[in-house]
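Residue strings, one per chain:
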Amino acid sequence: MPIATVNPATGEKVATYDALDGPGVERKLAAAAAAFERFRLLPLYERARLLHSAADLLDHDRPEIARVMTVEMGKPVTQARAEAAKCAKAMRWYAERGDALLSDEIPDPADVEDSGGVTARVVFRPLGVVLAVMPWNFPLWQVVRFAAPALMAGNVGLLKHASNVPQTALYLEDLFRRAGYPEGCFQTLLIGSGAVEGVLRDPRVAAATLTGSEPAGRAVAAVAGDEIKKTVLELGGSDPFVVMPSSDVERAARVAVTARTQNNGQSCIAAKRFIVHEDVYDEFADRFTQGMRALRVGDPLDEDTEVGPLATERGRTDLEELVDEAVESGATVMCGGRRPADLPHGWYYEPTVLADVTEAMRIHHEEAFGPVATLYRVADLDEAVALANDTPFGLSSNVWTLEEAEITRFTRDLAAGGVFFNGMTASHPAFPFGGVKRSGHGRELSAHGMHEFCNITTVWQGA
């Protein structure tokens, strides 16, 4: 089945590629396995040099690859350029810190003596070939945040990217090749989702990482579990954005607009459920709704566009169904709730705010993957915590408060992989990223993310 780029701003097919056949996949697997045996022996300073080279090339290519991402999945081109810059920054972060992050850990000498040994240390060795199953919403960043630490640790990568971003996927393979990585160290597999199981079951593949939907995570985890292979899963999110009375409501509302509509609202860590204390609810709701209504929706290649189209027609339909069901069940549309009348082509949807949402509605429990926000009024901190946790997901969270007691309470009680106070959730190479509950398991980024795909080995020596 062909793999195609379809421009979500127009609905037009831009490019088509043939999927790899069985022999083609086998050649890629064989090349990856052979590359690992050589690459794992490469000194850390050489791996760092290669990552720096890739970062330099990416900086040079930024205008071109930003346009490719925008045409493939619809993000505003200004955000696409920022994504490319962030990827280069992450590559350099790991190149500059990889030696320290992978340095041996030395146990307490008293513990070594107590074990009957003379010396002991913990070393970090690469696992091997890692299969990465990646989504379309951040088509560069999702890959690089896996690839940079994995390659620095001495692993090699096989990328099965989302089928609607094949040009970005092929660019990534070419980027690492041009940077000087040995043949087979990073390869793109243009295959459909049905071919993933066969690759993951191949004994030459040591582990897998997936960012995507809950069903996709379940499928990959089931196969990996059957094969006893390590996985890191970053799945959906329905992140709470809690606003308490002590906060700067004007700033919270302004940041909330960006937090909900970044990447056209198609981000797992975008704030989606806005939980506001009744003392400041009316002010926040008014400011937030005004901000959402004022956003410029249009051609994502236009420098002034703030919200572009949804990436796929199916994605817009799914979003519409969630909103329509909520409205039919009693939700109030504060703004949006429809396709823009002046954009008849492409998969656009107006920035939307829904109030009076109840737990009987699907949107209360399911992730709205697009520029749709739900508003909730709460009476106190206890109700805010309970509502924030009333979701099957637990990726990240935002809380706006200046009260130290509230900061302590939210930190202790929110079921999420991150708690961001008085600012928008963001990812950075220095901080571990991942979730709990149905948002997945394992961590990306930081030393924790690098060590996910390491064989953490105890080296002990007796007298």
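Rules used in this analysis
Residues numbered from 1 in each chain as written. Predicted model: local features only at pLDDT ≥ 70, side-chain atom pairs only at ≥ 80, totals over all residues. Heavy atoms only, no water. Helix = DSSP H or I, 4+ residues; strand = E, 2+ residues; numbered from the N terminus. Rg over C-alpha atoms; globule rule 2.2 N^0.38 Å. Contact = heavy atoms within 4.5 Å. Areas by Shrake-Rupley, 256 points an atom, 1.4 Å probe, with all protein chains shown as cover. Lys, Arg positive; Asp, Glu negative; His and termini not counted. Charge placed at Lys NZ, Arg CZ, Asp CG, Glu CD. Salt bridge = Lys/Arg side-chain N within 4 Å of Asp/Glu carboxyl O. Buried < 20%, exposed > 50% of the residue type's maximum accessible area, 1.4 Å probe, protein only. Pairing = 2+ DSSP bridges. Axes fitted to C-alpha atoms, helices over the stretch in contact; angles between N-to-C directions. Right-handed = clockwise from strand over helix to strand, strands pointing away. Parallel < 35°, antiparallel > 145°, perpendicular 65-115°, else oblique. Phe/Tyr/Trp six-rings, centres within 6.5 Å; stacked < 30°, edge-to-face > 60°. Lys NZ or Arg CZ within 6 Å of the ring centre and 35° of its normal. Core = buried A, V, L, I, M, F, W, Y, C linked by side-chain atoms within 4.5 Å. Polar contact = N/O pair within 3.5 Å; in protein donor to acceptor, adjacent residues only side chain to side chain.

Asks: Explain the overall build of the protein chain to me, please; I cannot follow it from the model alone.
Replies: Within the protein chain one finds 15 helices and 19 strands. By the compact-globule yardstick of 23 Å for 463 residues, the protein chain fits well, its C-alpha radius of gyration being 23 Å. Taken along the three principal axes of its C-alpha coordinates, the protein chain extends 70 × 60 × 40 Å. Intrachain contacts of the protein chain at a sequence separation of at least 6 include 73% that bridge at least 24 residues. Carbon together with sulfur atoms contributes 52% to the accessible area of the protein chain, which is approximately 18,800 Å² in total. Across the protein chain, the centroid of the 45 positively charged side chains sits 5 Å from that of the 65 negatively charged ones.

Asks: Could you clarify how one ought to interpret the pattern of salt bridges in this entry?
Replies: When their charged atoms lie close together, side chains carrying opposite charge are able to pair. Enumeration over the complete set of coordinates arrives at 37 salt bridges. With a closest N to O distance of 2.7 Å, D59 and R62 form a salt bridge. Within this pair, D59 and its partner R62 are both found in helix α2 (residues 44-73), separated by 3 residues, close to a single helical turn. When the shortest N-O distance is used, the salt bridge between R339 and E320 registers 2.6 Å. Placement of the pair is R339 in the loop between β11 (332-335) and β12 (352-355) and E320 in helix α11 (residues 313-328), with a sequence separation of 19 residues. The exposure class of E320 is buried, given its relative accessible area of 15%. Sharing partners across several salt bridges, the network here consists of D56, D59, R62 and R92.

Asks: Please clarify how the pairing of strand β13 (residues 372-378) should be interpreted in this entry.
Replies: The two faces of a sheet get side chains in turn, since along a regular strand they alternate between them. Within β13, 6 of the 7 residues are buried, which leaves it mostly tucked inside the rest of the structure. Bridge count between strand β10 (residues 271-277) and β13: 5 bridges; the pairing is parallel. The residue bridging H277 from the neighbouring strand is V378, located in β13.

Asks: For this particular structure, what's the right way to read the sheet that holds strand β5 (residues 156-160)?
Replies: Strand pairs in the sheet, formed through backbone hydrogen bonds, run parallel or antiparallel to each other. With mixed pairing, 6 strands are arranged side by side in an open sheet as β6-β5-β4-β7-β8-β18. Both edges of this open sheet fall to β6 (186-188) and β18 (440-441), since each of them pairs with a single strand only. As paired elements, strand β8 (residues 230-234) and β18 share 2 bridges and run antiparallel to each other. Bridging from a neighbouring strand, E234 pairs with G440 of β18. Contacting β4 (129-133), β5, β6 and β7 (205-211), helix α1 (residues 22-39) runs over the sheet at an angle of about 155 degrees to β5. Running at roughly 165 degrees to β7, helix α8 (residues 214-227) makes contact with β7 and β8 of the sheet.

Asks: Is there a simple way to explain the pairing of strand β9 (residues 239-243) in this structure?
Replies: Most of β9 is tucked away, with 5 of its 5 residues classed as buried. Relative to β10, β9 runs parallel, the two sharing 5 bridges. In the sheet register, D239 faces β10, and the bridge partner there is A271. For the crossover from β9 across helix α9 (residues 249-261) to β10, the handedness is right-handed.

Asks: Which parts of the structure should I look at to understand the packing of α2 against helix α5 (residues 141-152)?
Replies: Axes are the key here: two packed helices are described by the angle between their axes and the distance separating the axes. Between α2 and α5, the least distance of the axes is 9 Å, while the angle of their chain directions is 155 degrees. Here α2 is positioned roughly antiparallel relative to α5, judged by the angle of their axes. Along its contact with α2, which presents L44, R47, A48 and L51, the element α5 presents A148, L151 and M152.

Asks: Any chance you could explain the packing of aromatic side chains here in plain terms?
Replies: Centre distance and the angle of the planes are the two values used to describe a pair of aromatic rings. Under the counting rule described, the total for this entry stands at 11 aromatic pairs. Centre to centre, the rings of W136 and F369 are 5.8 Å apart; their planes meet at 75 degrees, and the pair counts as edge-to-face. Remark: F369 occurs in the loop between α12 (362-365) and β13 and W136 occurs in the loop between β4 and α5; sequence separation between them is 233 residues. Classification of W136 by relative accessible area gives buried; the value is 18%. The ring of W141 carries K86 above its face, with NZ or CZ at 4.5 Å from the centroid.

Asks: Is there a simple way to think about the nonpolar core in this case?
Replies: Proteins that are soluble and globular tend to have nonpolar side chains buried together. In terms of nonpolar packing, the biggest core is built from 82 residues, with L58, M91, L131, L140, L158, Y181 and V199 touching the most fellow members. In terms of residue count, helix α3 (residues 77-101) provides more of this core than any other element does, 11 residues in total. When near neighbours in sequence (up to four residues on either side) are disregarded, L140 contacts L58, I65, M69, E83, A84, C87, T168, Y171 and L172. Ranked by size, the runner-up nonpolar core spans 27 residues in total, among them V242, L354, V385 and L414.

Asks: Can you walk me through the sheet that holds strand β16 (residues 420-421) in this structure?
Replies: Spatially, 7 strands are ordered β11-β12-β13-β10-β9-β15-β16 in an open sheet, and the strand pairing comes out mixed. Where the open sheet ends on each side, the last strands, each with one partner, are β11 and β16. Bridge analysis of strand β15 (residues 398-400) against β16 gives 2 bridges, and the strand direction is parallel. Looking at β16, one finds that V399 is bridged to F421. Its contacts with the sheet place α9 against β9, β10, β13 and β15, and it is angled at close to 160 degrees to β10. Helix-sheet contacts for α11 involve β11, β12 and β13, and the interaxial angle to β12 is about 30 degrees.

Asks: Before we go on, may I ask you to explain the side chain of K272 in this structure?
Replies: Within the fold, K272 resides in strand β10. Taking the relative accessible area as the measure of exposure, K272 reaches 2% and is therefore buried. There is a polar contact of 3.2 Å between the side chain of K272 and the backbone oxygen of G237. Beyond its immediate sequence surroundings of up to four residues, K272 is in contact with G237, S238, D239, R260, S267, E367, A368, V372, A373 and T374.

Interpretation in functional terms is not warranted from these geometric data alone.
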